[in-house]
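# Geometric and topological summary
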Amino acid sequence: MKIDDIRKVCVVGAGNMGHQISILAAIRGYRVSCVDVNEKQLQKARGFAEKYLPGRVAKKKLTEDQARQAWDNLEFNTDLKKAAGDADFVIEAATENLELKRKIFEKLDQVAPPHAVLATNSSFIVSSMVADVTSRPGKVCNMHFFNPALVMKCVEVVKGPHTSEETAALAMELARSLNKEPVELQKEIYGFLVNRILSAINNEALYLLDQGVASAQDIDSAVVNALGHPMGPFKLQDLTGIDLTYHVMMERYRETGDPADKPSPTVVEKYVKKEWGQKTGKGFYDYGK
Ligand code: 3HC
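Described below are features of the structure shown in this document. (Residues numbered from 1 in each chain as written. Predicted model: local features only at pLDDT ≥ 70, side-chain atom pairs only at ≥ 80, totals over all residues. Heavy atoms only, no water.)

### With respect to the site of the ligand
Near the ligand lie 18 residues; those nearest to it are Arg 56, Lys 59, Ser 123, His 144 and Asn 147. Lys 59 is positioned such that a nitrogen or oxygen atom in its side chain is 2.7 Å from an oxygen atom of the ligand. Starting from 1000 Å² of accessible surface for the ligand in isolation, the protein chains cover 64%. Elements with a contribution of two residues or more to the shell around the ligand: helix H8 (194-210) and helix H10 (233-240). Split into classes, the residues belonging to the shell around the ligand amount to 9 nonpolar, 6 polar and 3 charged. Each of domain 1 (3-185) and domain 2 (195-272) contributes no fewer than three residues to the shell around the ligand. (Near = heavy atom within 4 Å. Polar contact = N/O pair within 3.5 Å; in protein donor to acceptor, adjacent residues only side chain to side chain. Areas by Shrake-Rupley, 256 points an atom, 1.4 Å probe, with all protein chains shown as cover. Helix = DSSP H or I, 4+ residues; strand = E, 2+ residues; numbered from the N terminus. Nonpolar A, V, L, I, M, F, W, Y, C, P; charged D, E, K, R; others polar. Domains from an automatic or database assignment.)

So, in structure tokens, the structure goes:
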């Protein structure tokens with residue numbers, strides 16, 4: 001399959017990442033089905049698109065025609081068979097749970113056309129952990145977007161041992177056609193490139209906080225004003241979700257058994273209290289209702 005053969009993209013999951021990947025692909029001219037089992041999540045995603053697209057027109061980033069076309073390209077539904085049945089490329093962006101993802105990939109393999117590529121946007125689950133439940137491992141890869149997906153330019157395309165050259169090249173081309181600057185990883189590694197680097201920063205920031213050296217606000221301020229990062233590590237975890245930080249660290253700890261990889265006490269406490277950041281209204285910062 002060539003890039004021009006991709007007409008329809010199916011995005012599985014309308015959460016933090018899925019809704020933005022869907023809108024992005026719709027803006028870039030693809031027909032998109034965003035599918036989720038949770039009707040409320042779909043309504044939220046639809047509501048975001050309804051506000052976001054006119055907002056882009058008001059900011060003169062899209063013409064009215066482009067926004068209307070993007071809206072017409074978008075469809076939100078709860079039926080995986082309908083959403084993926086005529087898709088050329090599927091991006092799975094469901095909850096970070098391996099068993100769930102394996103079930104989704106098994107089902108996708110049954111309902112998506114044989115030529116369709118099945119990619120996962122997982123932050124840390126490598127595609128070889130889901131490729132084996134499909135009859136098309138050569139067409140399975142990681143395609144990892146960054147939050148907010150409508151804005152961040154990087155996409156990590158990760159080639160598993162099963163991934164064909166053609167699939168990796170197609171995922172790179174699709175990312176470019178979504179106006180991204182993709183990078184290609186030649187082999188699977190836990191955390192890929194970016195989350196490995198990011199977790200080194202986050203771990204140090206959490207250590208400094210747990211030691212009472214400085215407040216989250218001051219650590220963020222130092223990282224922004226001394227290192228030039230657009231936001232500090234605590235603001236960023238509030239954006240990406242402290243539940244995700246917890247799961248990423250737990251997964252790494254399970255893999256290495258190294259106590260240094262365990263989530264910090266602060267992360268565990270926030271995870272248990274459901275203070276997961278912007279999505280629950282409170283994380284390291286308070287977002288009110
Ligand atoms: N959704 C969509 N668009 C958004 C947005 C959101 N949540 N937040 C901001 N934007 C857009 C704005 O519309 C604006 O677009 P425009 O310039 O085209 O009009 C642009 O981003 C800049 O927005 P603002 O001026 O309001 O705000 P900032 O300049 O502070 O930028 C930010 C906000 C883009 C989020 C910036 O702070 C940033 O780059 N932060 C770092 C984000 C980051 O590091 N992401 C990677 C996280 S790691 C990850 O995702 C991996 C995963 O596995 C955990």
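Here the narrative resumes, following the displayed structure.
### A few points about helix H2 (residues 39-58)
In an α-helix, one turn spans 3.6 residues; hence positions three or four apart end up facing the same way. If you check H2, its first and last C-alpha atoms are 29 Å apart, about what 20 residues at 1.5 Å a residue would give, namely 28 Å. Listed in full, the buried residues belonging to H2 are Leu 42, Ala 45, Ala 49, Tyr 52 and Leu 53. Projected down its long axis, H2 carries its buried residues within an arc of 100 degrees, all on one side. Away from its buried face by more than 90 degrees, H2 exposes Lys 40, Lys 44, Lys 51 and Ala 58. (Expected span 1.5 Å × (residues − 1). Buried < 20%, exposed > 50% of the residue type's maximum accessible area, 1.4 Å probe, protein only. Arc of directions from axis to C-beta.)

Purely geometric numbers; function is a separate question.
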